[in-house]
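# Architecture and fold: a report
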Amino acid sequence: WRPLGYFQADGARLKPTTPTRGMRRTRVLWAVTCIGSCAAFSVPLRLPLSGLSSGRRTALELGARHAVRPAAPRLAGLRMQGGSRPEVVDFGDSTDDVMAYVKKRDAEAKDRVLAAGLNPFGAWPSPITSKSLTEAVVGLADAKFDTNGDLYWIESRPNEGGRSVIVKRDAESGKTADITPVGFNARSKVHEYGGGAFTVSQGVVYFSNFADQRLYAQLAFPGAEPLPLTPEGKLRFADAVVDTARERLILVVEDHSGDTQHPRNYLAAVSMNGDEGNGFPPITILTEGSDFYASPRLSDDGGKLAWLSWEHPNMPWDGTRLSVAPVTEDGTIGEAALVAGGDSESITSPAFDPFGDLYYVSDISGWYNIYYAAAGGTVCLKAISAEFAGPMWSLGQQAFHFLADGSLLCNVNTPGAAGNTLSVLEPLDGSLTPVPLPYTQFGSAAVSPSGGVAVMAASFDKATELILLDEKSNIKTEATFASVKKSSTEEVNKLYLSEPQAVEFPTDGDRTAWMLYYPPTNALADGPEGGKPPLLVKSHGGPTASTSAALNLAIQFWTSRGYAVADVDYSGSTGYGREYRERLKGNWGVADVADCCRAAEYLRDEGLVDGDKMCIDGGSAGGYTTLCCLAYRDTFKAGCSAYGIGDLEMLAKDTHKFESRYLDSLIGAYPAMQATYKERSPINAIEKFDCPVIFFQGEDDKVVPPNQAEAMHASLKAKGVTTSLVMFAGEGHGFRKAANIRRRLDGELFFFNSVFNIPALMPEDVAEIMMDNYDPLIKGEKRAYVVMDGIEWEIGMTSEIIRQVGSYPQEAAAYFPEVRPDRPDGGSQDRDDIQETLDDFVEWL
């Protein structure tokens, strides 16, 4: 849809509109008139200019309007904004005079609208566009120091197709450079979610390459050639630790070479030397037998190895085991001892301090707190109703790091806080000191051998950046720092940014839940007096995950346009203790749905949002919650599912190993509880959907197969519900390519605005979306019909929306059905003579 200016001038001096993408290349004129209560509207006349006599004037007054026109083949129609009568311009003016007048009048009108703050909610002009999320934007992760103090991290680049690149900052010069050459992508596929894709030691980086999943070694210099350490095959590698004395890497291996349904997982050692002419050294399995392994950690002297393991049906946040074993001289490991953990205790982030003592995070108290494995038993360093770690969705995570004085650098997540706190924990007395930094959300960190600290930091008005703290400063009191790399160079005025508010709200079962509420915010716009904004509820993925208070332009995109946003930490989210996390056990599709609906209803009842314009979106598990809200509740008027789950049975039968038993805890064992699976699958409740839904799906998704989105869309389309399906080639579980990221965001806004009768526009450089069963007119409103030049147009008498609804074989005929038998008003009155002239048309009007 694009805005066009329309005017009618003197006969042959009419200036035609410029043909646009999808428009038939004919001269298009627009006649403006009054109907009924003098509400202005436009109907198209497709007539050649030669058909108008040069000296003739029509009876219509000259007017100019703005509208949006759909590009073919979508027949979505066009919205006429405003309702004033056409203005009269002196017929003596030339066409150029008319155009100049129209431009001046439109500019003045726009200024008046902005000055008065009359922009409708949802259509505010905003400097934050979908390009803001992709241009000059990178993802930052996995900061690591080498022994000489050089700093490394991974950048995920949307403009390079989501390629992950290892970047180095030289400790001496401070200069940064890409290490991963073009053609390589440092990304692991272990557990499908990856993580722990690289490590570095003594000037050499070791990484897993996405395309072939082989392990490579590369001198840490730009242009150096990566050399394979493993042969071609069906093995995947992640979460490596360097065993310098034995010239090997110890890491997690996922073996897909067997003929079983799921791969085999184990810990193994891979030589650093690769193929030296006699073939690759064999991969040595160190321990196996468990369903999953993670976090191999070697003591500094190389004498002890610790690791995590767990069994089906547990996920790592349900129950894991921490084991430790001696490493013998020949590199094998001795008898393993269980340090902590079990089926109902989740362990994460094991690490040896410089003295060989083992620390880890456990939720045995009900909260993820830090423990020390002492000789006489385990000791909690700080018992607190807060969390020092999150769920282990990806590998390579480390929740704390040892500082030079023996204290621990860690992140503290406290319920009710919009963000978390970077802190220093003293193991001797349990004191916790926040690091004084101007940020409110912290991510992964690293500590150099000399005491330097690097950490990912952000706040609601600052994009995530990698900062480096001065080694000479006392981080407890002054924390001098410098920015190394920003995730975005997009500079957005703070006046356009919405600051999140942590809100606790009542939900089902006399409980409370949490959300981050973002009010609509824009420096140059406000809604109409007494009006309320539409609401977008965001349901995060996982479902065992949480929201973040870091600057999220994908949220600010909405709030700066006049939407309110509620980012809900529904029951089952992390950061609120094990009891809150386990509320979802057996209740997925119930507790999360209730919380998302209650969040919206709470904001509606508080008078903060428009209850008739509440929508919801979510990806993956959040997409499932979204679909359940739309199927089983009537709170929302529209929804968007990105790679979401529609069929629980299909997911139980057809997903990867890591999550293949996840539903046992969320729903129940399958097929023993097949009835519950059917009952909670939105695809089995198509008859309950009565509001529009749009789907975005990657064709290569192995976590949620595309057939689920396809089946849901086909069912809704057949039922007559307004819907849309957008498939992305070459994308998996989540979208990494810039064009697809943009199309998803712009397409979702276009979809919601269209169904909410808010002016909608797709950027010209973004591919369109097709809307099925879409009727832009108001339900039950009176409709008029005009056929000109073989095209039939439907006009909403209240909404002032015009759309094409049919075509006829006559090329230059016009007739004017005032009512139609297949329309709500009934009856029919057609003109017999189809050879109408322009004068006939004017007379009829």
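Above: the structure in question.
I will try to describe carefully the structure that is included in this document. These numbers were taken from a predicted model, which means no experiment stands behind them. (Residues numbered from 1 in each chain as written. Predicted model: local features only at pLDDT ≥ 70, side-chain atom pairs only at ≥ 80, totals over all residues. Heavy atoms only, no water.)

### Quick word on the sheet that holds strand β6 (residues 139-145)
- Across the sheet, which stays open at both edges, the 4 strands sit in the order β6-β7-β8-β9 with antiparallel pairing between neighbours. This sheet does not close on itself; its edge strands, each paired only once, are β6 and β9 (176-178). Strand-to-strand twist across the sheet, computed as the mean angle between neighbouring axes with direction ignored, equals 25°.
- Pairing of strand β7 (residues 151-157) with strand β8 (residues 163-169) involves 7 bridges; the strand directions are antiparallel. If you follow glutamate 155 over to β8, its bridge partner there is valine 165. (Pairing = 2+ DSSP bridges. Helix = DSSP H or I, 4+ residues; strand = E, 2+ residues; numbered from the N terminus. Axes fitted to C-alpha atoms, helices over the stretch in contact; angles between N-to-C directions.)

### Here's the deal with the packing of aromatic side chains
- Under the definition given, this model contains 31 aromatic pairs.
- An angle of 65° between the planes, with centres 5.2 Å apart, marks the rings of tyrosine 193 and tryptophan 393 as edge-to-face. Of this pair, tyrosine 193 sits in the loop between β9 and β10 (198-201) while tryptophan 393 is found in the loop between β25 (377-380) and β26 (400-402), placing the two residues 200 residues apart along the sequence.
- Look at tryptophan 317 and tryptophan 393: their rings are 4.6 Å apart centre to centre, the planes differ by 45°, and that puts the pair in the tilted class. With tryptophan 317 in the loop between β19 (304-310) and β20 (321-326) and tryptophan 393 in the loop between β25 and β26, this residue pair connects regions lying 76 residues apart in the sequence. Pair check on accessibility: tryptophan 317 and tryptophan 393 agree, each one buried.
- The structure contains a cluster of three or more aromatic residues connected by ring pairs, namely Tyr193, Phe292, Trp310, Trp317, Trp393, Phe658 and Tyr662. (Phe/Tyr/Trp six-rings, centres within 6.5 Å; stacked < 30°, edge-to-face > 60°. Buried < 20%, exposed > 50% of the residue type's maximum accessible area, 1.4 Å probe, protein only.)

### A word on the side chain of arginine 163
- Along the chain, arginine 163 falls in strand β8.
- The exposure class of arginine 163 is buried, given its relative accessible area of 11%.
- Within the structure, the side chain of arginine 163 is placed 3.0 Å from the backbone oxygen of proline 181, a separation counted as a polar contact.
- Residues contacting arginine 163, with those up to four places away along its chain left out, are Glu155, Ser156, Arg157, Thr180, Pro181, Val182, Gly183, Phe184 and Asn185. (Polar contact = N/O pair within 3.5 Å; in protein donor to acceptor, adjacent residues only side chain to side chain. Contact = heavy atoms within 4.5 Å.)

### Focus: the nonpolar core
- Ranked by size, the top nonpolar core spans 105 residues in total, and within it Phe400 and Trp588 carry the most contacts.
- Leave out the neighbours within four places in its chain, and phenylalanine 400 touches Ser349, Ala351, Tyr359, Tyr360, Val361, Ile370, Leu408, Leu409 and Cys410.
- Among the nonpolar cores identified, the runner-up in size contains 41 residues, and Leu536, Cys640, Phe735 and Phe752 belong to it. (Core = buried A, V, L, I, M, F, W, Y, C linked by side-chain atoms within 4.5 Å.)

### Examining the pattern of salt bridges
- Counted according to the given criterion, the structure contains 35 salt bridges.
- Note that arginine 236 and glutamate 254 form a salt bridge whose closest N and O atoms lie 3.4 Å from each other. Remark: glutamate 254 occurs in strand β15 (residues 248-255) and arginine 236 occurs in strand β14 (residues 235-243); sequence separation between them is 18 residues. Like arginine 236, the residue glutamate 254 is buried in the burial classification. (Salt bridge = Lys/Arg side-chain N within 4 Å of Asp/Glu carboxyl O.)

### Thoughts on the environment of phenylalanine 400
- Within the secondary structure, phenylalanine 400 is located in strand β26.
- Note: C-alpha distance between phenylalanine 400 and asparagine 411 (11 residues apart in sequence) is 7.4 Å.

### Points about the sheet that holds β15
- If you walk across this open sheet you meet the 4 strands as β14-β15-β16-β17, and the pairing is antiparallel. Strands at the two margins of the open sheet, each flanked by one partner only, are β14 and β17 (284-288). Shown here is a sheet whose adjacent strand axes are inclined to one another by a mean of 30°, direction ignored.

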